[in-house]
Amino acid sequence: MNKLNGKTALVTGSTSGIGLGIATVLAQAGVNIVLNGFGDSGAAIDTIQSAGAQAIHHPADMRKPQEIEAMFAVARERFGNVDILVNNAGIQHVAPIEAFDPQQWDDIIAINLSASFHTTRLALPGMRASNWGRIINIASVHGLVGSTGKSAYVAAKHGLIGLTKVTALETAKTGVTCNAICPGFVLTPLVQQQIDDLAAARQLSPEQAQAQLLGEKQPSGQFVTPAELGNLALMLCSPFSAQVRGATWVADGGWTAQ
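One structure accompanies this document, and this report is about it. (Residues numbered from 1 in each chain as written. Predicted model: local features only at pLDDT ≥ 70, side-chain atom pairs only at ≥ 80, totals over all residues. Heavy atoms only, no water.)

Moving on, we get to the side chain of Gln218. Tracing the backbone shows Gln218 in the loop between α7 (206-217) and α8 (226-237). Here Gln222 takes part through its backbone oxygen, which lies 2.8 Å from a polar atom of the side chain of Gln218. (Helix = DSSP H or I, 4+ residues; strand = E, 2+ residues; numbered from the N terminus. Polar contact = N/O pair within 3.5 Å; in protein donor to acceptor, adjacent residues only side chain to side chain.)

It is worth spelling out α7 at this point. Over its 12 residues, α7 runs 17 Å from end to end, which matches the ideal 16 Å to within 8%, given 1.5 Å per residue. Those residues of α7 that fall on the buried side of the exposure criterion are Ala209, Leu213 and Leu214. The arc that holds the buried residues of α7, viewed along the axis, is 125 degrees, so those residues lie on one side. Opposite its buried face, α7 presents the exposed residues Glu207, Ala211 and Gly215, each directed more than 90 degrees away. (Expected span 1.5 Å × (residues − 1). Buried < 20%, exposed > 50% of the residue type's maximum accessible area, 1.4 Å probe, protein only. Arc of directions from axis to C-beta.)

Read from one edge to the other, the open sheet built from seven strands follows the order β3-β2-β1-β4-β5-β6-β7, with strand pairing classed as parallel. Bordering the open sheet on either side are β3 (55-58) and β7 (248-251), each of which pairs with just one other strand. Shown here is a sheet whose adjacent strand axes are inclined to one another by a mean of 20 degrees, direction ignored. Sheet analysis places strand β4 (residues 84-87) next to strand β5 (residues 133-138), joined by four bridges and oriented parallel. Note on β5: the bridge partner recorded for Val86 is Ile136. Together, β2 (32-36) and β3 form the strand contacts of helix α2 (residues 41-50), whose direction differs from that of β3 by roughly 155 degrees. Packed onto the sheet, helix α4 (residues 102-130) meets β4, β5 and β6 (176-183) and runs at close to 170 degrees relative to β4. (Pairing = 2+ DSSP bridges. Axes fitted to C-alpha atoms, helices over the stretch in contact; angles between N-to-C directions. Contact = heavy atoms within 4.5 Å.)

A few words on the packing of helix α1 (residues 17-28) against α8. Close contact between α1 and α8 brings their axes to 8 Å; oriented N to C, the two are set at 50 degrees. What the angle tells us is that α1 and α8 run oblique. In this structure, the crossing between α1 and α8 has a hand that is right-handed. In this structure, α1 contributes Gly17, Ile18, Gly21, Ile22, Val25 and Leu26 to the contact, and α8 contributes Pro226, Ala227, Leu229, Gly230, Asn231, Ala233, Leu234 and Cys237. When the residues that make up the contact of α1 with α8 are grouped by side-chain class, the tally is 10 nonpolar, four polar and no charged. (Parallel < 35°, antiparallel > 145°, perpendicular 65-115°, else oblique. Left-handed = near helix turned anticlockwise from the far one by under 90°. Nonpolar A, V, L, I, M, F, W, Y, C, P; charged D, E, K, R; others polar.)

Right, dumping it as structure tokens:
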């Protein structure tokens, strides 16, 4: 992986959770990181620097194209080209369709789908110019299957897989690749909220609620970890993945095998 040394990755939604896990693994391979998100940016930068790479943070609101453009300008000023783009930022809201708040729908589509279009269109010119780039879209098992109450999230993640395929086709004759990773349950704040809600609704202990949540969907009974997803992303950045294009890599503990 020494071929990645000195390259730059922009990872959206990366001040904690999956995004920070992926950024950390890339940093360990010598990749400089542009972090993004509303979490503790100081702690996230410390994590990346401890992994041996340089890092900056930009607080772009991924609902706003003009802020995404400003983030890319800062990234290029600091590091030059964005060589690796990881579209990870995401939010969730759970409600039946007829009770789904329209503003929540718009926000989820904007952050979970449209933002990836904007980052991709901004990253591609530099990647094409250098004839090398990696675009990794963090979709979800919900990009492949549905779940009740998650209409906007499922729609956005299905759309993200479609965007992945089109991007891969449009760059097929270049050194740029685009692929998607589809995690199952990862113990992020979003999933922790589902555990807490389940515990409250069914009068369960947190441990019981966690086991029940995993048992209903994820046959392994174990959470996928951010480090596992980071290493999968690292593999997609390697020379061995040069002809992996438009693929959906599932890491879901057997969820979609059922």
